[in-house]
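Below, each chain spelled out in residue letters.
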Amino acid sequence: MEVTKQYLRSPEFLADPYPLYEKIRNSNEVYHANELDAYWLMRHSDCDLLLKSPDFGKEIDDNFTSTSDSKKTSNVMEDPYRSMLFLDPPRHTRLRLLVTKAFTPKAVESMRPFVEEISTNMAKKGRNNFFFDVIEEFAAPIPAYTIAKMLGVPQSDMSKFKAWSDDAVLSLDVATGKEEQAKADQAQSNLLDYFQKLIDERRKNLTDDLLSDLIRSEESGDKLSHTELLVMCNLLLIAGHETTTNLIGNGFLALVRNREQFEMLREDRSLMKSAVDEFLRYDPPVQRVSRALYRDANFSGKLLQKGSVVTAVIGSANRDPEVFERPNELNIARKENKHLSFSAGIHYCLGAQLAKLEAEVAFNVLCDKFENPRLYEEPQWRKNSNMHGMQTLKIAL
Ligand code: HEM
């Protein structure tokens, strides 16, 4: 069996990557994807070890980023625009500490009424009488508006901001064409200009939003520099945008295809927290994350050499039968769900609580809106094998 880039982009794999993962997991626990020049770890215990050990990291060379499958992107190590997502300690530790002081559980929880308001409004709107596109009309706007509001983007700039963030994430898709790439670059540059102005304004007039807290954030006299603030705002926007959209989309598709689970959740909303964790496990928005080995290391009895790129296949680890009972079944009441969808170790998703809050609110609203959700047409999957999610998910009205 050979995992080629072409296969990773095939409609079959994009719609359902799990049969391939299962095949590899059953036959060969550590797999070398030749074309990607990376080892794939399929078991939960191996992935967990890779993500938690300080012997593996992100600063191998100028061309490595951990969300790509191989050494192919062009982020220069010394680049001041390299975000903490792509840094090791001590640089990562410093940035993470400063942002954690501002991005607190209290700041996240304070967003709940806003998320409830926009989700309810969007579910009411509807653009036609035939179908409701859960992605475009609902799941995509929620994360963009939420982070914008949290950072302190004024209401009057929201739609402009949302349009730029939609375009900026186009570049995350491997199948992006030249025209779309140009659009994404332009949107990214508009966003950076916008953040630049917003930071300058906030410095003069600090308020109670996240950006003001990021500016205030201090540890032993150390603060975020202007460029670091800029990069952090951008990371918070990009990292939480498509991922959260895909959590809502993939989770709702799973409910549509598992009617008895949908009815259970509709009847008993106290299952919401475990349901959201189960959606994350069952069909994770981020399928793979990679690390470079800083020493030789053993995974499932196979010795891999220092310098290798090794990928934790989250989509496979989340269905490892050694950890999860009946892993291919959706069970919204699953207990002790140890999925790796937010990664593990020092890079554990900073926005996990925010993403869960948004998803809980969104699923509550969707459960109220639909009594008997049916697909209007087959969903269209995005042409990105790692950021796993749909372009459209049309539910019949
Ligand atoms: C369902 C939604 C989300 C998923 C599945 C997700 C997934 C992930 C994963 C897998 C990583 C770690 C990558 C690695 O280990 O190399 C990560 C890191 C990160 N995420 Fe999320 N994320 C989500 C939502 C969000 C949101 C809403 C935000 C913020 C608004 C956010 C901000 C971040 C940041 C800042 C990091 C970097 C943390 C670090 O390097 O220390 N994410 N996320």
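For the structure itself, look to the data block above.
This structure is a prediction, so every number in the text was calculated from the model and none was measured.

Visitor: Now, about the site of the ligand: what can you tell me, with residues and values included?
Guide: Around the ligand there are 28 residues in total, and Lys58, His92, Ser343, His347 and Cys349 lie nearest to it. Separating an oxygen atom of the ligand from a side-chain N or O atom of histidine 92 is a distance of 2.6 Å. The contact in question runs from an oxygen atom of the ligand to an N or O atom on the side chain of histidine 347, over 2.7 Å. Secondary structure elements with two or more residues in the shell around the ligand: helix 5 (91-102), helix 13 (226-257), strand 7 (288-293) and helix 17 (352-369). Residue contributions to the shell around the ligand peak at seven residues, all from helix 13. Taken together, the residues of the shell around the ligand break down into 16 nonpolar, nine polar and three charged.

Visitor: Explain the packing of aromatic side chains to me, and be specific about the residues and the numbers.
Guide: Applying the stated criterion across every chain, the model contains 16 aromatic pairs. Ring geometry for phenylalanine 56 versus phenylalanine 299: centroids 5.6 Å apart, planes at 50°, classification tilted. Placement of phenylalanine 56 in strand 3 (residues 56-57) and of phenylalanine 299 in strand 8 (residues 297-299) is noted, with a sequence separation of 243 residues between them. With respect to class, phenylalanine 56 is no different from phenylalanine 299; both count as buried. Taken together, a centroid distance of 4.6 Å and an interplanar angle of 35° make the contact between phenylalanine 279 and phenylalanine 363 tilted.

Visitor: If you had to explain the pairing of strand 1 (residues 30-33) to someone new, which residues and values would you point to?
Guide: Here strand 1 runs beside strand 2 (residues 38-41); their pairing, made up of four bridges, is antiparallel. In the strand pairing of strand 2, histidine 32 is matched with tyrosine 39. Hairpin geometry of strand 1 and strand 2 is characterised by an intervening segment of four residues between the two adjacent antiparallel strands and by a positive phi of about 50° at aspartate 37.

Visitor: Any chance you could break down the packing of helix 10 (residues 158-168) against helix 13 for me, citing the residues and the numbers?
Guide: Axes are the key here: two packed helices are described by the angle between their axes and the distance separating the axes. Orientation of helix 10 relative to helix 13, taken along the N-to-C sense of each, is 75°, at an axis distance of 10 Å. With respect to each other, helix 10 and helix 13 are oriented roughly perpendicular. Packed against helix 10, whose contacting residues are Phe161, Ser165, Asp166 and Ala168, the element helix 13 presents Leu237, Ile238 and His241 at the interface. Here the residues of the contact of helix 10 with helix 13 are counted per class, giving four nonpolar, two polar and one charged.

Visitor: Explain the side chain of serine 343 residue by residue, including any values.
Guide: Of note, serine 343 is situated in the loop between helix 16 (314-317) and helix 17. The exposure class assigned to serine 343 is buried, which follows from its relative accessible area of 12%.

Visitor: Can you lay out the side chain of glutamine 287 for me, pointing to particular residues and giving the numbers?
Guide: Along the chain, the position of glutamine 287 falls in the loop between helix 15 (272-282) and strand 7. Setting aside anything within four residues of it in sequence, one finds glutamine 287 in contact with Pro17, Tyr18, Tyr21, Ala312, Val313, Ile314, Gly315, Ser385, Asn386 and His388.

Visitor: Break down helix 4 (residues 44-52) for me, citing the residues and quoting the values.
Guide: Of the positions making up helix 4, those classed as buried are His44, Asp46, Cys47, Leu50 and Leu51. Down the axis of helix 4, the buried side of the element spans an arc of 165°, and every buried residue falls inside it.

Visitor: Please set out the coordination of the iron atom of the ligand residue by residue, giving values where relevant.
Guide: Donor atoms from the protein around the iron atom of the ligand number only one, Cys349 (SG), found at 2.3 Å. Within the fold, cysteine 349 resides in the loop between helix 16 and helix 17.

Parameters at a glance
Within each chain, residue numbers correspond to sequence positions counted from 1 in written order. With the structure being a predicted model, the display of local features is reserved for residues of pLDDT at least 70 and the display and counting of side-chain atom pairs for 80 or more, all residues being used for whole-chain, interface and lining totals. To get the side-chain values, take all heavy atoms of the structure and skip hydrogens and water. When we say a residue is near a molecule or strand, we mean one of its heavy atoms is within 4 Å of it. Here a polar contact is taken to be a pair of N or O atoms separated by no more than 3.5 Å, where protein atoms must pair a possible hydrogen donor with a possible acceptor and residues adjacent in sequence count only if both atoms sit in side chains. Helical segments are the DSSP runs of H or I of at least four residues, strand segments are the runs of E of at least two, and each set is numbered from the N terminus. Asp, Glu, Lys and Arg are counted as charged, while Ala, Val, Leu, Ile, Met, Phe, Trp, Tyr, Cys and Pro are counted as nonpolar; the rest, among them Gly, fall into the polar class. Each Phe, Tyr or Trp ring (for Trp, its six-membered ring) is paired with any other whose centre lies within 6.5 Å, and the angle between the two planes then decides the class: stacked below 30 degrees, edge-to-face above 60, tilted in between. For the exposure calls, accessible area comes from a 1.4 Å probe over protein chains only, and a residue counts as buried if that area is under 20% of its type's maximum, exposed if over 50%, partly exposed in between. Being paired, for any two strands, means DSSP has found at least two bridges between them. In this analysis, axes come from line fits to C-alpha atoms, helices being fitted only over the stretch in contact, and the angle between any two N-to-C directions falls in the range 0 to 180 degrees. For classification purposes, angles smaller than 35 degrees are called roughly parallel, those larger than 145 roughly antiparallel, those between 65 and 115 roughly perpendicular, and all remaining angles oblique. We call two residues in contact when some of their heavy atoms are within 4.5 Å. The directions considered for the arc are those from the helix axis to the C-beta atoms. Each metal's donors are the N, O and S atoms found within 2.8 Å of it, except that Na, K and Ca use a 3.2 Å limit; water is left out, so coordination can look incomplete.

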